[in-house]
Amino acid sequence: MKVIIRNNSAEGSLWAAHYIAAKINAKAKVSNKPFVIGLCTGSTPIETYAELIRMVKAGEVSFKNVISFNMDEYVGLPVEHPESYHSFMHRYLFDHIDEKPENIHILDGNAPDIEAECAAYEKAIVDAGGFDLFLGGVGEDGHIAFNEPFSSLSSRTRVVTLTQDTREVNARFFDGDFNKVPKQALTVGVATVLSSKEVVILAFGSKKARALKDAIEGPMSHYCTLSGLQNHPAGTIVCDENSISEVKVSSYRYFKAVEEAENL
Ligand code: GLP
């Protein structure tokens, strides 16, 4: 696992956007095959998306040959609801880049047969060639996508029940009203994320400090599903001084030394 530490979320987001764009461009140089990317929602990736939008508009990267799959969606929330992850992704990314509409995949939380929807999603990922890169965030309790604590680290796309903690944290998007936050979601599994050739996780701010400590220094455990990243050959966490503040000084120094030695 690599840990990239930047001063703040703005610098971390720039690093992530440029890293993703470089990966898309590198594949386009050697192959006609699409770049398959996993995408996340939440407040964390917004600055990264803004920089990717700028880069697309400046001709520095193109999403014309990119296929994307979002990690999750609420169950039962109308697609046109401003807080559906469909709305979020169009607002903060898809409406401003050149990705083809048919290449955008987001789980349908209103599908009549939810199990069939989840199975079809896993199949569509395989049919697209599998993920080149999965971009994710992390919940305050260490959850990745909507894989709440005690989700199996070998889980795949499925319906999940959200914890009270997650619904309370997400109430800020629903007029501060916990009761308006859906109780269930569809989510890719931990194993779906880890099936990607590469995983990049963004985590900024002191609210994420406990999650990062558990994920980086704790045991690999279903208690903190991001800790599954420890078993991935190409996992990177992009964080800031606040979110990395709970790890041991020796861990912090090691990550900084790697950054310096590898010019990351
Ligand atoms: C939700 C999403 C996660 C996201 C997390 C953190 O639970 N399902 O994918 O990582 O929120 O959100 P934020 O970036 O707003 O802190």
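What you are looking at is a predicted structure, and each value in this text was computed from that prediction instead of being measured. (Residues numbered from 1 in each chain as written. Predicted model: local features only at pLDDT ≥ 70, side-chain atom pairs only at ≥ 80, totals over all residues. Heavy atoms only, no water.)

S.K.: Outline the site of the ligand, supporting the account with residue identities and numerical values.
M.R.: Near the ligand lie 13 residues; those nearest to it are Thr44, Asp72, His143, Arg172 and Lys208. Contact between the ligand and Ser43: an oxygen atom at 2.7 Å from a side-chain N or O atom of the residue. Burial of the ligand by the surrounding chains reaches 94%, relative to a free accessible area of 390 Å². Tallied by class, residues from the shell around the ligand come to five nonpolar, five polar and three charged. (Near = heavy atom within 4 Å. Polar contact = N/O pair within 3.5 Å; in protein donor to acceptor, adjacent residues only side chain to side chain. Areas by Shrake-Rupley, 256 points an atom, 1.4 Å probe, with all protein chains shown as cover. Nonpolar A, V, L, I, M, F, W, Y, C, P; charged D, E, K, R; others polar.)

S.K.: So what about the packing of helix α2 (residues 46-57) against helix α3 (residues 85-92)? Which residues, and what values?
M.R.: As a packed pair, α2 and α3 sit with axes 10 Å apart at the nearest point and diverge in direction by 45°. Regarding the angle of α2 to α3, the classification is oblique. Residue-level contacts link Ile46, Tyr49 and Ile53 of α2 to Phe88, Met89 and Tyr92 of α3. Residue composition of the contact of α2 with α3, grouped by class: six nonpolar, no polar and no charged. (Axes fitted to C-alpha atoms, helices over the stretch in contact; angles between N-to-C directions. Helix = DSSP H or I, 4+ residues; strand = E, 2+ residues; numbered from the N terminus. Parallel < 35°, antiparallel > 145°, perpendicular 65-115°, else oblique. Contact = heavy atoms within 4.5 Å.)

S.K.: How would you sum up the sheet that holds strand β6 (residues 133-136)? Please name residues and give values.
M.R.: In any sheet, the strands associate via hydrogen bonds between backbone groups, in a parallel or an antiparallel arrangement. Strands sit in the order β1-β10-β9-β6-β2-β3-β5 across an open sheet of seven strands; the sheet is parallel. Of all the strands in the sheet, the pair left with one neighbour each is β1 (2-6) and β5 (104-105). (Pairing = 2+ DSSP bridges.)

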